[in-house]
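Fold and contact review
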Amino acid sequence: MEGFLLPVVLSVKGRACLLLGGSREAECKGLALLRAGARLTILAPILEGLLHDEVMAGRACWLNEPFRPNHLDGMWLAVSVVTDAFVNAALYAAAEERGVWLNVVDQPHFCTLIWPAIVERSPVTVAISTGGASPALAGYLRRQIDAWLPERLGVLAQRLSEWRARVPGGLETRARFWHDLLEQGMARRFLEGDETGAANMVQEALTKK
């Protein structure tokens, strides 16, 4: 389908990433990359705020230099928040040549990766993307979904991870087991605070297998 973008979740842990720009938007992107375990290099004339603190703590590297294509040597992913189209065009060409993932904020024609709006209930992550067509709409949907998702959803995911090893059988059998339990209200009971009742539902279902 024309215009379809494949949604994926990337692991950047231990991978070299480049961030161009030192603005508030760059701070948000940089902190997210650091939280995900990236080895971050920041290219910016001025660095303030939390990114400056991360550099001072040795958790990121800062270069006060204009962009050059060799800045992408060895990089796995690059993010640009600069508005200069000439810089971003050079960045895009260098990234394509080296096979580096690239996100350029508000300039989707330079992107091989679209940074989505994110709702997090770790380890559950919901990403919303409009393919760069309307970041404002993605942000609106993020706020709506954030208000709707239960706060304990991440805790439920962790418990399911602990319980899943107890379910015998192949992939299809295990999928049906959890599908049936969730349809029977196990997740609802857990999210409403009845964790013991939810655990009992799991145990009862296991005894019937």
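Calculation notes
- Residues numbered from 1 in each chain as written.
- Predicted model: local features only at pLDDT ≥ 70, side-chain atom pairs only at ≥ 80, totals over all residues.
- Heavy atoms only, no water.
- Helix = DSSP H or I, 4+ residues; strand = E, 2+ residues; numbered from the N terminus.
- Rg over C-alpha atoms; globule rule 2.2 N^0.38 Å.
- Buried < 20%, exposed > 50% of the residue type's maximum accessible area, 1.4 Å probe, protein only.
- Contact = heavy atoms within 4.5 Å.
- Areas by Shrake-Rupley, 256 points an atom, 1.4 Å probe, with all protein chains shown as cover.
- Lys, Arg positive; Asp, Glu negative; His and termini not counted.
- Charge placed at Lys NZ, Arg CZ, Asp CG, Glu CD.
- Pairing = 2+ DSSP bridges.
- Axes fitted to C-alpha atoms, helices over the stretch in contact; angles between N-to-C directions.
- Phe/Tyr/Trp six-rings, centres within 6.5 Å; stacked < 30°, edge-to-face > 60°.
- Lys NZ or Arg CZ within 6 Å of the ring centre and 35° of its normal.

1. Section: the overall build of the chain
When its secondary structure is counted, the chain shows eight helices and seven strands. Here the C-alpha radius of gyration of the chain, 21 Å, is well above what a compact globule of 209 residues would show, namely 17 Å. Expressed along its principal axes, the backbone C-alpha trace of the chain runs to roughly 65 × 45 × 35 Å. Across the 209 residues of the chain, 34% fall into the buried class. A separation threshold of at least 6 residues defines the contact pool for the chain, and within that pool the share at least 24 residues apart is 49%. Carbon and sulfur atoms make up 55% of the accessible area of the chain, which totals about 12700 Å². When the 22 positive and 23 negative side-chain charges of the chain are each reduced to one mean point, those points stand 8 Å apart.

2. Description of the sheet that holds strand E4 (residues 77–80)
Sheets are built from strands that pair by backbone hydrogen bonding, the pairs being arranged parallel or antiparallel. Across the sheet, five strands lie side by side as E3-E2-E1-E4-E5; this open sheet has parallel pairing. Of all strands in the sheet, those bounded by a partner on one side alone are strand E3 (60–63) and strand E5 (101–104). Between one strand axis and the next, the sheet turns by 15 degrees as a mean value, whatever way the strands run. For strand E1 (residues 16–20) and E4, the ladder comprises four bridges, and the chain directions are parallel. Opposite Leu-20, over in E4, you have Ser-80 as the bridge partner. The strands touched by helix H3 (residues 85–98) within the sheet are E1, E4 and E5, with E5 carrying the most contacts at an inclination of about 165 degrees.

3. A look at the packing of aromatic side chains
Evaluated as defined, the whole model comprises three aromatic pairs. Taken together, a centroid distance of 6.0 Å and an interplanar angle of 45 degrees make the contact between Tyr-92 and Phe-110 tilted. Here Tyr-92, found in helix H3, pairs with Phe-110, found in the loop between E5 and strand E6 (117–121); they are 18 residues apart in sequence, far enough to count as distant. Among the residues examined, Phe-110 registers a relative accessible area of 12% and is labelled buried. A ring pair is formed by Trp-163 and Phe-190, whose centres lie 6.5 Å apart and whose planes are at 85 degrees; its orientation type is edge-to-face. Of this pair, Trp-163 sits in helix H5 (residues 153–164) while Phe-190 sits in helix H7 (residues 186–191), and the two are 27 residues apart along the sequence. Note on Trp-163: relative accessible area 9%, which makes it buried. For Arg-15, the ring lying beneath its charged end belongs to Trp-76, and the centroid distance is 4.3 Å. Sitting over the ring of Trp-115, Lys-29 keeps its end group 5.2 Å from the ring centre.

Function cannot be inferred from these measures alone, as they are strictly geometric.
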